[in-house]
Amino acid sequence: MTPALAVHGLTTGYGGAPVLHDVTLEVRPGALVALVGANGAGKTTLLRAASGLLPLAAGAVALAGDDLQGVGVEDRARRGLAHVPEGRGVVVELTVDENLQLGGLTAHRSAGARRAAVEEVYGLFPSLDRRRAALGHQLSGGERQMLAIGRALVARPRVLLLDEPSLGLAPQVVAQIMALLRARCDDGLAVLLAEQNVAAALSVADRGVVLDLGRVVASRPARDLAHDEALRHAYLGF
Ligand code: ATP
């Protein structure tokens, strides 16, 4: 099966200082891959490189088999690659509904199609449905994270890159978000989930990829990783 997202031999960094070295991974359609590793391991950098925010020094990124070299951030989004950065990326001066509409601007040309996609997202997030007219800054942390994910889903992406969605959220909200991601994957979405909350991420992931100092040190079924005590101690701090 052609992977939804394929990263091959990716090397990159900031201003000549290398951060990622020869990183290779795949996310198949319908799969949830957890990208885990200590602070500074390079998780955020990998998502930024995949979404086109950071140029590659070497290697390649492909979306559904198409090499993305030379394809800009917006065109990647148009082709079905969505990125929810850490810190959530919600426009706090706009309402929930306006944020969701914004998420559909590039993907859906007609207002009708956009509306339909937004309504679909309300179906996934009843808590957003109840708060359509609330401004971003009036939302709780959990609602904001859901809005950020919802905004990405309005575009009906084939691949979702998610950076630390659990950050600062209560365990039951984290569980809700993880369950939602799992359900989206079961409907065919491919998710690459960078998480410090390793247990939560591995509980819903199909595969776990462990980064250490910018290199992949393990790539295994999530259940195996969660039970590998030596690896957990060495790289994941629990
Ligand atoms: P965290 O969970 O803390 O975000 P991470 O695994 O996502 O960690 P990155 O944020 O990708 O790791 O950082 C990897 C390395 O790149 C770190 O050494 C960091 O200091 C460095 N780095 C990150 N962003 C920049 C930047 N804008 N300029 C220079 N160096 C950076």
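In the nomenclature of an unreviewed UniProt entry, the chain corresponds to ABC transporter ATP-binding protein from the organism Cellulomonas algicola. One UniProt comment on the chain, placed under Sequence similarities (unreviewed entry), says "Belongs to the ABC transporter superfamily."

Undergrad: Please clarify how the site of the ligand should be interpreted in this entry.
TA: In the region of the ligand, 13 residues are neighbours, and Asn-39, Gly-40, Thr-44, Thr-45 and Gln-196 sit closest. Taken by itself the ligand offers 620 Å² of open surface, and the protein chains cover 57% of this. A total of three residues in the shell around the ligand trace back to one element, the largest contributor, which is helix H1 (residues 43-51). When grouped by side-chain class, the residues that make up the shell around the ligand number four nonpolar, six polar and three charged.

Undergrad: How should the domain arrangement of the chain be read in this particular structure?
TA: It is common to give the size of an interface as the accessible area lost on bringing the parts into contact. Domain annotation for the chain reports domain 1 (1-80 + 157-238) and domain 2 (89-156). Measuring from the centre of the C-alpha atoms in domain 1 to the corresponding centre in domain 2 gives 23 Å. If you look at the interface, domain 1 gives 15 residues, while domain 2 gives 12 residues. Around 1100 Å² of area is buried between domain 1 and domain 2 when both sides are counted, 79% of it from carbon and sulfur atoms. It is Pro-157, Leu-180 and Arg-184 that lose the most area in domain 1 upon contact with domain 2, and together they represent 41% of the buried surface on that side.

Undergrad: Help me understand the nonpolar core in this model?
TA: The nonpolar side chains of soluble globular proteins are, as a tendency, buried together. Among the nonpolar cores identified, the biggest contains 48 residues, and Ile-149 and Leu-160 are the most heavily contacted of them. If you count residues domain by domain, this core takes at least three from each of domain 1 (1-80 + 157-238) and domain 2 (89-156). Discounting chain neighbours no more than four positions away, the residues touching Leu-160 are Ala-82, Val-84, Ile-149, Ala-152, Leu-153, Leu-181, Leu-189, Ala-190, Val-191 and Leu-192. Counting 29 residues, the second largest nonpolar core, distinct from the first, contains Ala-31, Leu-47, Val-61 and Val-159.

Undergrad: It is not clear to me how the packing of aromatic side chains should be interpreted in this structure. Could you clarify?
TA: To describe a pair of aromatic rings, one takes the distance between the centres and the angle between the planes. Summed over the entire model, instances satisfying the criterion amount to zero aromatic pairs. Its end group placed over the ring of Tyr-122, Arg-132 keeps NZ or CZ at 3.8 Å from the ring centre.

Undergrad: In this structure, what is going on with the pairing of strand S3 (residues 32-36)? I would like to understand it.
TA: Every regular strand shows the same layout, with side chains that alternate between the two sheet faces. Within S3, five of the five residues are buried, which leaves it mostly tucked inside the rest of the structure. The two faces of S3 match: Leu-32, Ala-34 and Val-36 on one face and Val-33 and Leu-35 on the other face are all buried. As paired strands, S3 and strand S8 (residues 190-194) are joined by four bridges and run parallel to one another. The residue of S8 that forms the bridge with Val-33 is Leu-192. Sheet analysis places S3 next to strand S9 (residues 207-212), joined by four bridges and oriented parallel. Among the inter-strand pairings, Ala-34 is bridged to a residue of S9, identified as Gly-208.

Undergrad: Would you mind showing me how to read the pattern of salt bridges here?
TA: Where charged atoms of side chains with opposite charge meet at close range, the side chains can pair. Under the criterion given, the structure shown has 12 salt bridges. For Arg-78, the salt bridge is made with Glu-74, and the minimal N-O distance between the two is 4.0 Å. Taken together, the positions of Arg-78 and Glu-74, both in helix H2 (residues 73-78) and four residues apart, correspond to about one turn of that helix. Classification of Arg-78 as partly exposed rests on a relative accessible area of 48%. Each of Asp-97, Arg-115, Glu-119, Asp-129 and Arg-132 takes part in a single network of salt bridges with overlapping partners.

Cut-off values and rules
- Residues numbered from 1 in each chain as written.
- Predicted model: local features only at pLDDT ≥ 70, side-chain atom pairs only at ≥ 80, totals over all residues.
- Heavy atoms only, no water.
- UniProt positions renumbered as here; feature names shortened; annotations may be inferred.
- Near = heavy atom within 4 Å.
- Areas by Shrake-Rupley, 256 points an atom, 1.4 Å probe, with all protein chains shown as cover.
- Helix = DSSP H or I, 4+ residues; strand = E, 2+ residues; numbered from the N terminus.
- Nonpolar A, V, L, I, M, F, W, Y, C, P; charged D, E, K, R; others polar.
- Domains from an automatic or database assignment.
- Contact = heavy atoms within 4.5 Å.
- Buried area = accessible area lost by both parts, 1.4 Å probe.
- Core = buried A, V, L, I, M, F, W, Y, C linked by side-chain atoms within 4.5 Å.
- Buried < 20%, exposed > 50% of the residue type's maximum accessible area, 1.4 Å probe, protein only.
- Phe/Tyr/Trp six-rings, centres within 6.5 Å; stacked < 30°, edge-to-face > 60°.
- Lys NZ or Arg CZ within 6 Å of the ring centre and 35° of its normal.
- Pairing = 2+ DSSP bridges.
- Salt bridge = Lys/Arg side-chain N within 4 Å of Asp/Glu carboxyl O.

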